[in-house]
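# Residue-level structure breakdown
Chain by chain, the residues:
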Amino acid sequence: MASTVIGAGITIEGEIATDEDVVVAGTVRGKLSAKEAVTIEHGATVEADVTGGSLVVAGSLTGNVTAVERVDLQSGARVIGNVKAARVTIADGAQFKGNVDMDV
Amino acid sequence: MPVLASRATPMAQPRTTTRDGEARIGSSARIRGRIHGEGNLVIEGHVHGDVTVRGDLTIAEGASVSSQVVEAHALTIAGELEGEVNASGPVTLAAGARVRGNLRGSAVAIDEGARFSGRLECEFDLPPELGGASRTEGRARAAGRR
């Protein structure tokens, strides 16, 4: 169960830091750092640098991404920014513009 | 919300998808900045910044919120809150709540064991025996602890 859920109608402007999971279905602007999994759902808008244990993106993300484990860009995802993780997948149907760095 | 397709990856666990307008700030989360939007919000973590939601706001036990202004419909506080509260619905200070600031709501309830320091402002109908015929703005000054 996700510990922090940013619902579809909610906007956070600022800095979020947590040791647990984060699910974003709304809007985040600023900075997002979690120790566990970060999920950016379809319909969500994130304009932030994101760090997490792992990251799944199905929504829109603008910003640089660093994950300890892996980054999965799912179909429908729209990502502009650099991705840094040991394992990265980009699904068919995902849009991505930026650099990938798997030399972690 | 669409359920994320489960994938054959070790990290992609099934997760709860959010219902519309449902939001929660988990107990280990710290937020510096502004939170606003529609729908209900539950804060279990620590928030430093203004919170404005159209729906109900719950500040759970163990949570702390420090803001200039907190705006919501119904507001339930069991944690710590510092700042001005502007609720369009009822405000409840549950046992264990610690609140510093002015409270405005359609109704205010302070439970036994809650601590409140500030001013209460709420509109209510005075009973006829107290001479209240129509809506009167009641202003109570409450300070210290209960």
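These figures come from a predicted structure and were not determined experimentally. (Residues numbered from 1 in each chain as written. Chains lettered and ligands numbered in written order. Predicted model: local features only at pLDDT ≥ 70, side-chain atom pairs only at ≥ 80, totals over all residues.)

### Remarks on the overall build of chain B
- Across its full length, chain B holds 0 helices and 15 strands.
- Looking at chain B as a whole, 31% of its 146 residues qualify as buried.
- Within chain B, contacts between residues separated by at least 24 positions form 5% of all contacts whose residues are at least 6 apart in sequence. (Helix = DSSP H or I, 4+ residues; strand = E, 2+ residues; numbered from the N terminus. Buried ≥ 20, exposed ≤ 12 C-beta atoms within 10 Å, placed from the backbone. Contact = placed C-beta atoms within 7 Å.)

### Here we look at the overall build of chain A
- The secondary structure content of chain A amounts to 0 helices and 13 strands.
- Each helix and strand of chain A, placed in order from N terminus to C terminus, yields the pattern β-β-β-β-β-β-β-β-β-β-β-β-β.
- Against the globule reference of 13 Å for 104 residues, chain A gives a C-alpha radius of gyration of 12 Å, in line with a compact fold.
- Summarising its shape, the C-alpha atoms of chain A cover approximately 30 × 25 × 25 Å along the three principal directions.
- Classification of the 104 residues of chain A by burial places 48% in the buried group.
- Taking contacts inside chain A between residues at least 6 apart in sequence as the whole, the part at least 24 apart equals 1%. (Rg over C-alpha atoms; globule rule 2.2 N^0.38 Å.)

### Looking at the nonpolar core
- Counting residues in each nonpolar core, the largest one holds 63 residues, and the members touching the most others are Val24(A), Leu32(A), Val46(A) and Val57(A).
- Sorting elements by how many residues they give to this core places strand E6 (residues 45-57) of chain A first, with 6 residues. (Core = buried A, V, L, I, M, F, W, Y, C linked by C-beta atoms within 7 Å.)

### A closer look at the environment of Ser75(A)
Residues and elements named next belong to chain A.
- Its place among the elements puts Ser75 in the loop between strand E8 (65-73) and strand E9 (78-80).
- Assessed through the 13 C-beta atoms surrounding it within 10 Å, Ser75 is described here as partly exposed.
- A sequence separation of 33 residues divides Ser75 from His42, and the C-alpha atoms of the two residues are 9.3 Å apart.
- Excluding anything up to four places from it in sequence, Ser75 contacts Ala91, Asp92, Gly93 and Ala94.

### Side note on the environment of Ile43(B)
Residues and elements named next belong to chain B.
- By the element assignment, Ile43 lies in strand E3 (residues 40-43).
- Spatially, the C-alpha atom of Ile43 lies 20 Å from that of Val108, the residues being 65 residues apart in sequence.
- Once residues lying within four places of it in the same chain are set aside, the contact partners of Ile43 are Ile25, Thr58, Ile59, Ala60, Ala63 and Val65.

### A look at the pairing of strand E10 (residues 90-93) of chain B
Residue and element names in this part refer to chain B.
- By the bridge criterion, 3 bridges tie strand E8 (residues 75-77) to E10 in an arrangement that is parallel. Counterpart to Ile77 in the pairing with E10 is Leu93.
- Across 4 bridges, E10 lies against strand E13 (residues 107-110) in parallel orientation. The residue bridging Thr92 from the neighbouring strand is Ala109, located in E13. (Pairing = 2+ DSSP bridges.)

### Side note on the pairing of strand E5 (residues 37-40) of chain A
Residue and element names in this part refer to chain A.
- Both faces of E5 are covered, namely the face carrying Ala37 and Thr39 and the face carrying Val38 and Ile40.
- Bridging between E5 and E6 involves 4 bridges; their strand directions are parallel. Bridge assignment links Ala37 to a residue of E6, and that residue is Ser54.

### Some words on the confidence of the model for chain B
Residues and elements named next belong to chain B.
- Summarising the model, chain B shows a mean pLDDT of 81, and 74% of its residues fall at 70 or more.
- When mean pLDDT is compared element by element in chain B, strand E4 (residues 46-48) scores highest at 97, while strand E15 (residues 135-142) scores lowest at 45.
- This model gives residues 1-20 a pLDDT under 50, and the stretch forms 38 contacts once residues within four places in sequence are excluded.
- Across residues 134-146, confidence stays below pLDDT 50; counting only partners more than four residues off in sequence or on other chains, it has 19 contacts.
- Overall fold confidence for the complex sits at a pTM of 0.81, while the interface term, ipTM, reaches 0.88. (pLDDT = per-residue confidence, 0-100.)

### Structural notes on the environment of Gly62(B)
Residues and elements named next belong to chain B.
- Residue placement: Gly62 occurs in the loop between strand E6 (57-59) and strand E7 (64-72).
- What makes Gly62 partly exposed here is the crowd of 14 C-beta atoms within 10 Å.
- Along the chain, Gly62 and Glu44 lie 18 residues apart, while their C-alpha atoms are 6.5 Å from each other.
- Ignoring any residue separated from it by four or fewer positions in sequence, one finds Gly62 in contact with Ser27, Glu44 and Gly79.

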